[in-house]
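Each chain, written out:
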Amino acid sequence: MNDTHYIPPATPDRVFNRVVGWLADHGVNLAGAHTLTVVGRVSGTPQKVPVNPLRFEGAEYLIGIRGETQWVRNARAAGTVELRRGRRRRTVALHEVDPAQRVPILRTYLAKWGWEVKRFLPEGLSVDAGDDELAAHAHQLPVFVIAR
């Protein structure tokens, strides 16, 4: 089994992301979407992508369901990102959650957005996977806790 997971966006995904990003930038709450802006670790230019922050047990999380994406790698390098919906902007620090602690967060995320993201899961993982199966793939799905 390949240890690294990454599903690049196809053309329809890019179009969808632009539309959702535009809506979030203009204050439309589409399934909780925000625009994440992070400085590129190589280019130094701001990169934007729509994300769905997850509230779980009193904290807020970002999940890289596509795996080792550019925003994930940029966020690790930068340490902080901007989250925006409409006029509301906040700069937050991201701290990566240890893979051993990710299962309940991933379970909650998939229960909420599994219908939307199931095609981005690592091979062999389904939306209704058991805890053991989620634990086996947790290292492939980056999870960050949002700190203010």
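As named in an unreviewed UniProt entry, the protein is Nitroreductase family deazaflavin-dependent oxidoreductase, taken from Gordonia bronchialis.

1. Brief notes about unusual backbone geometry
At E57, a position not held by glycine, the phi torsion is positive, near 45°. With respect to the helices and strands, the residue E57 is situated in the loop between β3 (54-56) and β4 (59-63).

2. A few points about the environment of A135
In this fold, A135 is placed in helix α4 (residues 131-137). Relative accessible area serves as the criterion here: at 44%, A135 is assigned to the partly exposed category. As for A135 and P8, which are separated by 127 residues in sequence, their C-alpha atoms are 23 Å apart.

3. With respect to the pattern of salt bridges
This model, assessed by the stated rule, comprises 6 salt bridges. Here E96 and R102 are joined by a salt bridge, their closest N and O atoms 3.2 Å apart. For E96, a relative accessible area of 36% puts it in the partly exposed group. Through salt bridges with shared partners, a single network forms among E68, R76, E96 and R102.

4. A word on helix α2 (residues 70-78)
For α2, the complete set of buried residues consists of W71, V72, N74 and A75. For α2, the angular spread of the buried residues around the axis is 165°, confining them to a single face. In the core, the buried residues of α2 are packed alongside β1 (34-39), β2 (46-51), β4, β5 (80-85), β6 (88-96) and β7 (143-147). The positive-phi residue at the C-terminal boundary of α2 is G79, with phi of around 85°.

What counts, and where the lines are drawn
- Residues numbered from 1 in each chain as written.
- Predicted model: local features only at pLDDT ≥ 70, side-chain atom pairs only at ≥ 80, totals over all residues.
- Heavy atoms only, no water.
- Helix = DSSP H or I, 4+ residues; strand = E, 2+ residues; numbered from the N terminus.
- Buried < 20%, exposed > 50% of the residue type's maximum accessible area, 1.4 Å probe, protein only.
- Salt bridge = Lys/Arg side-chain N within 4 Å of Asp/Glu carboxyl O.
- Arc of directions from axis to C-beta.
- Contact = heavy atoms within 4.5 Å.

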